[in-house]
Amino acid sequence: MKGILIILDGIGDLPHSLLKGKTPLEAAEIPNIDFFAARGKMGYMYPVKPTFIPESDEAILSIFGNDLLSSTRGQLEARGIDELKLTRGDLALRANFATIDSLEKGNIIDRRAGRTLTTEEAELLARSVNKIKMPFEFVLKPTVQHRAVLVFRGGFSDNFAGNDATYSQGRPNEVNKVTPCKSFDDDENTRYTVNVLNEFLEKAHKVLDMHPVNQDRKERGLLPANYLLVRGPGIEPPKLKQYRKWLSIAYMPLEKGFSKLSGMKVFSFDYPRLKGLDCYANLYEGLKKACKFARRVIRWNHRNFDYAYIHLKETDVPGHDNKPIEKKSMIEYIDKTLFKFLRRFCPPRGIRVIVTGDHSTPCKLKRHSADPVPVLFYDGSELKAKHFCEKEARKGTLGRILGKDLLCKAGFVR
């Protein structure tokens, strides 16, 4: 193996008062990551371009040299679910189980149903939604926690905006109102698609709002998962650059789907089911499993592939929840598990290492931002004490990098 790319999701941040004016990376004790920093170069990266606020799919597409128009979030996530088989024309969307007050008022109370929706609850809700009568086949498939994928079978259009207006390409939005899906053209098929999707979402709300699962949740003082927010519509199989000498360690549908479509050999595992109300206990369980799994995959497969792509999702969530201490704790856990192993494993074998993020998710903003992410490229070229964080990365010899140039600059692709 020649190199390993590690993406820590949402790792970039801003100074926070709970960390005495430091970012989670600045405050974290990460001796193993710093070992690599001291023996390599640092810089800062705009995953797509300056001022652009990327979503995870846009950032990953860019980092691996793809045009943003080459794929959609819905297609990537749907193709990351092994049980879902798509044919050309199937409409795929990323979905969230969310909480609204009512369709009449249209206020979004929580985009993730309080992060307390258990796996069993999501499965029961989806089972009932999948019984809705529509003039075509469809499937709602829950994935991890509040996340799901919605697929309409048949010849639909994807030239429309979903009802999840909080996310819009390159622009921050603080949208707290339900917004119906809207077409981008006057094509008959697009109008039909938007009409049946809006009709479906209304029917789904009625089913979800009266569902015994949500009645029970309300009785226990929990937010009901009574609405579906959808985004990233796609009907075309993504055409991505191929990385056939790469292995991918991914366990979320987005990264799994992207890796499959990029020609990588995907190594994955079933994410732990959320059984109680503590989503962070579930996240730590998932992170522990991911780090252990990554160590095992690298150890047993490093001779069979040129490069590895490891994506750790959990560090993004505390940014959305304004939990800088949790984010710092996750970073430290990754350092003392995965990076402790890589510190012993990579240098003797001459394996280069890139550490970065797909985007910044500052805790105090509770959303993605246009701030650059730090980049570390270990190649044994330097020996100078450094701490891997946003501030030090700004001073690094790599300077400013655009996402599309990262792998070339590091020599991972030519």
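In this text the structure is predicted, and so the values were computed from the model without any measurement.

Peer 1: Looking at this structure, how should I read the overall build of the chain?
Peer 2: The secondary structure content of the chain amounts to 13 helices and 17 strands. Against the 2.2 N^0.38 benchmark of 22 Å for 414 residues, the chain shows a C-alpha radius of gyration of 21 Å, consistent with a compact globule. When each of the 414 residues of the chain is scored for burial, the buried share is 59%. Surface accessibility of the chain: about 17,200 Å² in total, with carbon and sulfur atoms responsible for 49%.

Peer 1: Could you clarify how one ought to interpret the environment of G276 in this entry?
Peer 2: Its place among the elements puts G276 in the loop between β13 (265-267) and α9 (279-301). Once the C-alpha coordinates of G276 and T119 are considered, the two residues, 157 residues apart in sequence, prove to be 9.2 Å apart.

Peer 1: Sorry if this is basic, but what is going on with unusual backbone geometry here?
Peer 2: In this structure, A113 is a non-glycine residue whose phi angle is positive, near 50 degrees. Assignment of secondary structure puts A113 in the loop between β4 (108-110) and α5 (119-129). Overall, the relative accessible area of 0% leaves A113 in the buried class. The phi dihedral of Q145 is positive, around 55 degrees, even though this residue is not glycine. Mapped onto the elements of the fold, Q145 is located in the loop between β5 (138-142) and β6 (147-152).

Peer 1: Teacher, can you tell me more about empty space enclosed by the protein here?
Peer 2: A water-sized probe rolled over the atoms picks out the places where empty space is left. Scanning the model with the defined rule gives 3 cavities of 30 Å³ or more in all. Approximately 70 Å³ is the volume attributed to the second largest cavity. In terms of lining residues, the second largest cavity is bounded by S56, R73, E77, R94, R147, M252, P253, L254, E255 and K313. When contributions to the lining of the second largest cavity are tallied by element, the ones reaching two or more residues are α4 (73-79) and α8 (253-261). Examining the composition of the lining of the second largest cavity, we find that 3 residues originate from one element, α8, more than from any other. Grouping the constituent residues of the lining of the second largest cavity by class yields 3 nonpolar, 1 polar and 6 charged.

Peer 1: Got a minute to help me understand the pattern of salt bridges in this structure?
Peer 2: Two side chains bearing opposite charge may form a pair once their charged atoms approach each other closely. For the coordinates displayed, the defined rule picks out 24 salt bridges. The shortest N-O distance in the salt bridge between D57 and R73 comes to 3.6 Å. Of the two residues, D57 is situated in helix α3 (residues 56-63) and R73 in helix α4; the sequence distance between them amounts to 16 residues. Per residue, the accessibility class of D57 equals that of R73, and both read buried. The closest approach of N and O atoms between E77 and R94, which form a salt bridge, is 3.2 Å. Here E77 is found in helix α4, whereas its partner R94 is found in strand β3 (residues 91-100), with 17 residues between them in sequence.

Peer 1: Which parts of the structure should I look at to understand the environment of P31?
Peer 2: Topologically, P31 is positioned in helix α2 (residues 31-38). Between the C-alpha atom of P31 and that of V194, which follows or precedes it by 163 residues, the distance is 52 Å. If sequence neighbours within four positions are ignored, P31 has contacts with D335 and R343.

Peer 1: What's the story with the nonpolar core in this structure? I'm lost.
Peer 2: In globular proteins that are soluble, nonpolar side chains generally tend to be buried together. I4, I6, F36, L247, I298, L312 and L342 are the most contacted members of the largest nonpolar core, which totals 52 residues. For this core, the secondary structure elements donating two or more residues are β1 (3-8), α2, β12 (246-249), α9, β14 (307-312), α11 (324-349), β15 (352-356) and β16 (373-378). Examining the composition of this core, we find that 10 residues originate from one element, α9, more than from any other. Filtering out sequence-adjacent residues up to four positions away, I4 remains in contact with I298, A308, I310, L342, C346, I351, R352, V353, I354 and F412. Core analysis: the second largest hydrophobic core is formed by 33 residues, V129, C181, L201 and A225 among them.

Peer 1: Explanation requested: the packing of α5 against helix α7 (residues 212-219) in the structure shown.
Peer 2: Helix packing for two helices is described by the angle between their axes and how far apart those axes are. For the pair α5 and α7, interaxial distance at closest approach is 9 Å and the crossing angle is 140 degrees. One way to sum up the angle between α5 and α7 is to call them oblique. Across from E121, L124 and L125 in α5, the residues of α7 making contact are V213, N214 and R217. Its residues assigned to classes, the contact of α5 with α7 shows 3 nonpolar, 1 polar and 2 charged.

Peer 1: Looking at this model, I keep getting lost on the sheet that holds strand β17 (residues 399-402). Mind explaining?
Peer 2: Strands in a sheet are paired, the pairing made by backbone hydrogen bonds, and the direction either parallel or antiparallel. With mixed pairing, the 8 strands of this open sheet are ordered in space as β13-β12-β14-β1-β15-β16-β2-β17. Looking at strand neighbours, the two that pair on one side only are β13 and β17, the edges of this open sheet. Taken pair by pair, the neighbouring strands of this sheet meet at an average axis angle of 25 degrees, ignoring direction. The sheet contact formed by strand β2 (residues 40-46) and β17 spans 4 bridges and is parallel. Bridged to M45 within β17 is I401. In the packing of α9 onto the sheet, the strands contacted are β1, β12, β13 and β14, and the crossing angle to β12 comes to about 160 degrees.

Peer 1: How should α8 be read in this particular structure?
Peer 2: What sets the pattern is the α-helix's 3.6 residues per turn: residues three or four places apart point alike. Burial analysis of α8 places 7 of its 9 residues in the buried class, the great majority of the element. Those residues of α8 not exposed but buried are P253, L254, E255, K256, G257, F258 and S259. Packed against the buried residues of α8 are α3, α4, β12, β13 and β14. Downstream of α8 by one or two residues, G263 has phi in the positive range, about 85 degrees.

Peer 1: Explain the pairing of β1 to me, please; I cannot follow it from the model alone.
Peer 2: Side-chain positions along a regular strand alternate between the two faces of the sheet. Counting buried positions over the 6 residues of β1 gives 6, a clear majority of the element. Burial of β1 is two-sided: the residues G3, L5 and I7 facing one way and the residues I4, I6 and L8 facing the other way are all buried. Sheet topology places β1 next to β15; 5 bridges connect them, and they run parallel. Note on β15: the bridge partner recorded for I4 is V353.

What counts and how
Residues numbered from 1 in each chain as written. Predicted model: local features only at pLDDT ≥ 70, side-chain atom pairs only at ≥ 80, totals over all residues. Heavy atoms only, no water. Helix = DSSP H or I, 4+ residues; strand = E, 2+ residues; numbered from the N terminus. Rg over C-alpha atoms; globule rule 2.2 N^0.38 Å. Buried < 20%, exposed > 50% of the residue type's maximum accessible area, 1.4 Å probe, protein only. Areas by Shrake-Rupley, 256 points an atom, 1.4 Å probe, with all protein chains shown as cover. 1 Å grid on protein atoms, 1.4 Å probe; cavity = no way out; pocket = protein on both sides within 12 Å on 5 of 7 lines; lining within 4 Å. Points joined across faces, edges and corners; volume = space filled by probe spheres on them. Nonpolar A, V, L, I, M, F, W, Y, C, P; charged D, E, K, R; others polar. Salt bridge = Lys/Arg side-chain N within 4 Å of Asp/Glu carboxyl O. Contact = heavy atoms within 4.5 Å. Core = buried A, V, L, I, M, F, W, Y, C linked by side-chain atoms within 4.5 Å. Axes fitted to C-alpha atoms, helices over the stretch in contact; angles between N-to-C directions. Parallel < 35°, antiparallel > 145°, perpendicular 65-115°, else oblique. Pairing = 2+ DSSP bridges.

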